[in-house]
Amino acid sequence: MKRVVVLLLFCASAFAADRLPTGARLDPAGRAIAVGNMPLALVLAPDHRHVVVSLSGLLHQGLQVVDLDSGNIAQAIEKRASFLGLAFHGNTLYASGGDDNVIDTFTWSDGRLTADRTIAVNYPAGLLVSADGRTLYAAENLLDDIAVIDLATGNVVQQLRTDHYPYAIAADAGRLYVSAWGGSTISIFRLQADGKLAADGRLSVGRHPSALLLRPANPESPISNSELYVALASTDEIAVVDTKARRVVRRIQDRSPAGLREGSTPNALAMSDDGSWLFVAEADNNAVAVFDANGGALLGRVPVDWYPVALIAAPDRLLVLNGKGSGSRPNPDGPRPTIERNPQFDLAMVEGTIRVIPLPLADLPALTGRVAAANNWTAQRAPRRYPPFKHVVYIIKENRTYDQVFGDLKHGDGEASLVFFGREITPNHHALAERFGLFDRFFVNAEVSSQGHMWSDAAYVTDYTEKTVHTLYAHKRPDIDEGEVDEPVEGFLWDSAARKGVPIRVYGEFANVFNKPRAIKGALDADIDPDYPSFSIKITDQHRADLWIAELEEFVRDGEMPALEIVQLPRDHTAAGKAGYSTPRACVADNDFALGRMVEALSKTPFWRDTLVVVVEDDAQDGSDHVDSHRAPFLLISAYNRPGVQHRFTNTTDAVATIEEILGLDPLSQFDYYGRPLADVFAGTPDFTPYRAIDPLVPLDEINPKKGDAARQSSSFDLSRPDAVDSAAFNRVLWQMMRARPGAP
């Protein structure tokens, strides 16, 4: 057993050094300091030898005090909830308590924090203390307002409206500015002598404003008034506001070389000590961009770790806080009933880092080249040739890992001890992989479904989703209708298809669960099958297959089929031990047989000659994998696919890129633009032999018992939508049920 573990760790290390699940590589500059799960905020302590980090992870939230010289965690303060607000004034630290609806205060002394009092507010985000230390301003993220707090009493003395989801606060001598994560404006307030505020209008700056940075007036600058820099993460821009003229005077473009307006994700700002350089954390470039603060020209980029979220520019060093740190790894000891807070759940495994980078920067051109290479920007985009495909059927399933399904296929890199749903339960998945190719290096970009369906349909996830998903899955943020804040600016595959006039049909994906012919995301009402159900574990995938096959038969009669079909086939999610629901075996067997029937039906039509079926999992959160927690089953099915193992790296956005190239759609983000489409896996000559679905070996009517430990643990599970259940609890029950079955390894 020990030798197996050593081998698995070796495989994992090799993968982690190669690529992130997003397809990018890491080649960071500077010195790394490891911190906890999903840090969001960073502040320099009064002694300038320590920093305080706010963690907003799945399993751990709270504060860490980091000794910058030694790289050690000098103090860890676990809290029930924390968010992105941190502010020092003198020796007092104010920290956002997130879902606790408080601001925690601490006293700083001798390199440590001592808890003081709490101040009641609603879900605080950005914090700012007045220059005289008498007033604290807090962006109440879920109330769409700013709270004014009298620090002498700790009372909220004023609340004024902002735009949606207030995020960051900045102030000059006369005014205070608040960005709105879910809007497009900066709210402006006049500062009163007593610390209170007077509303002074709003300024439109662009979609999704987040981080703010004020640059005082500089006599040598072309603009003599104060400048307010505003990060627009969704459009890869920095808006520069002349605060006296109250208008955007220029826009700094922060895009990849392709010029796409989605994929760099600027989300934090800092200024060099002399005011000449503007540093911008590019979350999805895994880099810090360096701009000329006066003219706005891009001077270069510095490679850092995965998903930078906060910056501090000290005179001698740049501190970069990275939300996802040094990468991904395997989780062979994933969810188990004996481990309450299992650190091998994939959302809990992305741990942050601080990169300490000496200033001034040495050899910025070389660092810039490393960023370009790590993001695949230097790859040649030669024309690619595909078989004569005219149609793509894109099937999106739910939450399985490669080892859970394909770990028993000996010709692939699988681990049989981790199999939950092997050949007995998924005979069609196995047969399809054996006939059309086994991809044992496919990775989902996402950790969980909130990201997974976005990656699958839009090739991008906003920083709002990335920064709140841990808290959402920890049930410390309400699951509400987010509106535009979580929608990519370029939209979804159906939007891209509409722009090109490509016919599309959507079956369930992002459609109303009550079967109303309306898309939740986008505006494709007429292109949605009104009868096809969205996510519901109660509804069988056989019913979904029946509806899809019935429309396929209509297309055959009409002689025309939509070029792109997006199909949700979700029942491999399972219901765990929920009484009255199908057992996990029956759910997955149902999903398997539905897929087999759909492929069989298609293969007997004239469309089999020019159709590619792409089958992905939206994420891989509900299981273990010995290579990486993001590795998942993947199938490419067509008359031009052949048997054999495809060991090449492939991920969700590579699949999206393949669909786009076949159908002539424009890329949605830099991830699909710089991806690795799958043109190289097809044979030159077709094999039109129809596929024959394999009948299920597991009874599809197998129902969970009303009593028992699994039923008791599952009784409170909300199965009305993906991942409404506590994921850790769900997976522990699933593990227990599958491991308890007769013949389980």
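Scroll up for the structure.
What counts and how
Residues numbered from 1 in each chain as written. Predicted model: local features only at pLDDT ≥ 70, side-chain atom pairs only at ≥ 80, totals over all residues. Heavy atoms only, no water. Helix = DSSP H or I, 4+ residues; strand = E, 2+ residues; numbered from the N terminus. Rg over C-alpha atoms; globule rule 2.2 N^0.38 Å. Buried < 20%, exposed > 50% of the residue type's maximum accessible area, 1.4 Å probe, protein only. Contact = heavy atoms within 4.5 Å. Areas by Shrake-Rupley, 256 points an atom, 1.4 Å probe, with all protein chains shown as cover. Lys, Arg positive; Asp, Glu negative; His and termini not counted. Charge placed at Lys NZ, Arg CZ, Asp CG, Glu CD. Pairing = 2+ DSSP bridges. Axes fitted to C-alpha atoms, helices over the stretch in contact; angles between N-to-C directions. Phe/Tyr/Trp six-rings, centres within 6.5 Å; stacked < 30°, edge-to-face > 60°.

Peer 1: Please explain the overall build of the protein chain as it appears in this structure.
Peer 2: The helix and strand tally for the protein chain stands at 14 helices and 37 strands. Its C-alpha atoms give the protein chain a radius of gyration of 26 Å, within 12% of the compact-globule value 27 Å for 745 residues. The C-alpha extent of the protein chain, read off along each of the three principal axes, is 80 × 55 × 50 Å. For the protein chain, the residues scored as buried account for 65% of the 745 residues in total. Contacts in the protein chain between residues at least 24 apart in sequence constitute 64% of all its contacts with a sequence separation of at least 6. By element, 51% of the accessible surface of the protein chain is carried by carbon and sulfur atoms, the whole surface being about 26000 Å². Looking at charge distribution, the protein chain has the averaged site of its 73 positive side-chain charges lying 2 Å from that of its 97 negative ones.

Peer 1: Where do I start with the sheet that holds strand β12 (residues 145-150) in this structure?
Peer 2: As a general point, the strands of a sheet are linked pairwise by backbone hydrogen bonds and lie either parallel or antiparallel. Taken in spatial order, the four strands of this open sheet run β10-β11-β12-β13, and their pairing is antiparallel. Of all strands in the sheet, those with a lone pairing partner are β10 (124-129) and β13 (155-161), marking the two edges. Direction aside, neighbouring strands of the sheet carry axes that sit 25 degrees apart on average. Direction of pairing for β12 relative to β13: antiparallel, over a ladder of six bridges. For Ile-149, the partnering residue across the bridge sits in β13 and is Val-156.

Peer 1: Would you explain the packing of aromatic side chains in this entry?
Peer 2: Evaluated as defined, the whole model comprises 23 aromatic pairs. Judged by centre distance (6.0 Å) and plane angle (75 degrees), the ring pair of Phe-420 and Phe-421 falls under edge-to-face. With relative accessibility at 6%, the residue Phe-420 sits in the buried group. A relative accessible area of 0% places Phe-421 in the buried class.

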